[in-house]
Each structure stands twice: as C-alpha cells, then as structure tokens.
Amino acid sequence: MEKTVSFEELDKLAVDLADFSKENDVIALIGDLGTGKTTFIKTLAKELGIEENIKSPTFNYVLEHHGGRLPLYHFDVYRLTDPEEVYEVGYEDYLNNGGLVVIEWADIIESELPKEYIEIKLYYHDDDSRKISVEFIGNSERERELFEYVGFSN
Ligand code: ADP
Ligand code: MG
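Residues numbered from 1 in each chain as written. Chains lettered and ligands numbered in written order. Predicted model: local features only at pLDDT ≥ 70, side-chain atom pairs only at ≥ 80, totals over all residues. Heavy atoms only, no water.

In the nomenclature of an unreviewed UniProt entry, the chain is known as tRNA threonylcarbamoyladenosine biosynthesis protein TsaE of Ilyobacter polytropus. As recorded by UniProt, the Sequence similarities (unreviewed entry) comment attached to the chain reads in full: "Belongs to the TsaE family." Per its UniProt entry, the chain bears the Subcellular location (unreviewed entry) comment "Cytoplasm". (UniProt positions renumbered as here; feature names shortened; annotations may be inferred.)

Laid out in structure tokens, this is it:
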C-alpha cells in the first residue's frame, strides 16, 4: 500500500514495525539520499530497546547492535559495486542468526534479498512529509497482519 505520511506517522510506523518484527525478519529500506532511511532505523532500534547510537555503516556495510528485544543487523549497501559482495561481510549468516536484518539501499542487492521480506520505499514529498510504499514481499498472510498491526487499511 502507498500513502503520504508526516514524520510523526513515519516514526510511528518504525515503532510499530519494531514491535511487529520476529527473529530472522528482513526489512528492506529503499529511498534516495535524505528520504529518512537512517532515521527510521534509529527509531526502530530505540523501540527494540537498543541503547547504542545508530549510525549508517557506510564503510563496513554492516553493524550489529545487541541488548534489545532482538539483535539488530544494520546493513547499508550503498557503496557495493556488485551485489554479490554482500556475502563477503557475512550476509548469509546474518539472515539466519535470530536477529532483525535492516538494509538501507536494499534495491542495490535486490537480486540477493530473501524470498520473504518487508519492503519500505520512501519518496521525498515535501520538507516534512514523505510518500511511502509498504509491502510484505512473499508472504501475503503476514502482510495482512502487518497492515492490521500498523492500522493501514488496504
Ligand atoms: P537517509 O538515511 O535516507 O539518507 P536520513 O534518515 O539521514 O535519510 O534523513 C535525512 C533528513 O531528513 C534528516 O536529517 C531529517 O532532517 C529528515 N528526516 C528524515 N526522517 C525524519 C523523521 N522521521 N523525523 C524528522 N525528520 C526526519
Ligand atoms: Mg542513511
């Protein structure tokens, strides 16, 4: 589904998603620079109970954060030149390690995304709102649950 949201509503979506997520879930964040991917993950991490500061892992591609309800594995694949390079930082292991995997610039590794994942697309709308698209790729049952959980009517 698609809608235009205020930053407040976007923050609420991040909180709800943190609470909705189960171990081994994957959230693919797709959107241009400045649309709010990192901010979204900060809000989500806080709701998970992670106290560490969240910064984009631009140079090392992945950062782990423990101490929350689920471990958070935060990828930023912006600088990858070949999608397959993501395996060099242990991508495969992170996918099945009992944590929540969140990937900034996930479109760059679209060919390597798992069969099921939550896709959040962010588009610039104006200075204080964004257009978003939310889907649970590959699992329509959980998509229904997600939309119900976050209060989206489809
Ligand atoms: P990205 O990681 O997609 O490049 P950021 O998360 O760094 O984007 O956000 C860029 C800027 O957009 C922030 O510095 C802030 O000004 C604004 N912004 C994005 N999301 C929010 C939000 N949820 N609440 C308030 N401001 C936001
Ligand atoms: Mg960012």
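**Details of unusual backbone geometry**
In this structure, Asn24 is a non-glycine residue whose phi angle is positive, near 75 degrees. With respect to the secondary-structure elements, Asn24 resides in the loop between α1 (7–20) and β2 (26–31). Judged by relative accessible area, Asn24 falls into the partly exposed class, the value being 32%. A positive phi is found at Trp105, a non-glycine position, where the angle reads about 65 degrees. In this fold, Trp105 is placed in the loop between β5 (100–104) and β6 (117–126). Trp105 gets classed as buried once you look at its relative accessible area, which sits at 12%. (Helix = DSSP H or I, 4+ residues; strand = E, 2+ residues; numbered from the N terminus. Buried < 20%, exposed > 50% of the residue type's maximum accessible area, 1.4 Å probe, protein only.)

**Observations regarding α1**
Spanning 14 residues, α1 covers 20 Å between terminal C-alpha atoms, matching the ideal 20 Å at 1.5 Å per step. All buried positions along α1 are accounted for by Leu10, Leu13, Ala14, Asp16, Leu17, Ala18 and Phe20. Its buried side turned inward, α1 meets β1 (2–6), β2, α2 (37–48), β6, β7 (129–137) and α4 (140–150). (Expected span 1.5 Å × (residues − 1). Contact = heavy atoms within 4.5 Å.)

**Topic: the sheet that holds strand β4 (residues 72–76)**
Reading across the sheet, the seven strands line up as β1-β7-β6-β2-β5-β4-β3 and stay open at both edges, with mixed pairing between neighbours. Looking along the sheet, the strands with just one partner apiece sit at the ends: β1 and β3 (62–65). Across the sheet, the mean angle separating the axes of adjacent strands is 20 degrees when strand polarity is ignored. As paired strands, β4 and β5 are joined by five bridges and run parallel to one another. Bridging from a neighbouring strand, Leu72 pairs with Leu100 of β5. Here α1 sits on the sheet and contacts β1, β2, β6 and β7; the angle it forms with β1, its principal contact strand, is near 110 degrees. On the sheet, α2 packs against β2, β4, β5 and β6 and is oriented at approximately 165 degrees with respect to β5. (Pairing = 2+ DSSP bridges. Axes fitted to C-alpha atoms, helices over the stretch in contact; angles between N-to-C directions.)

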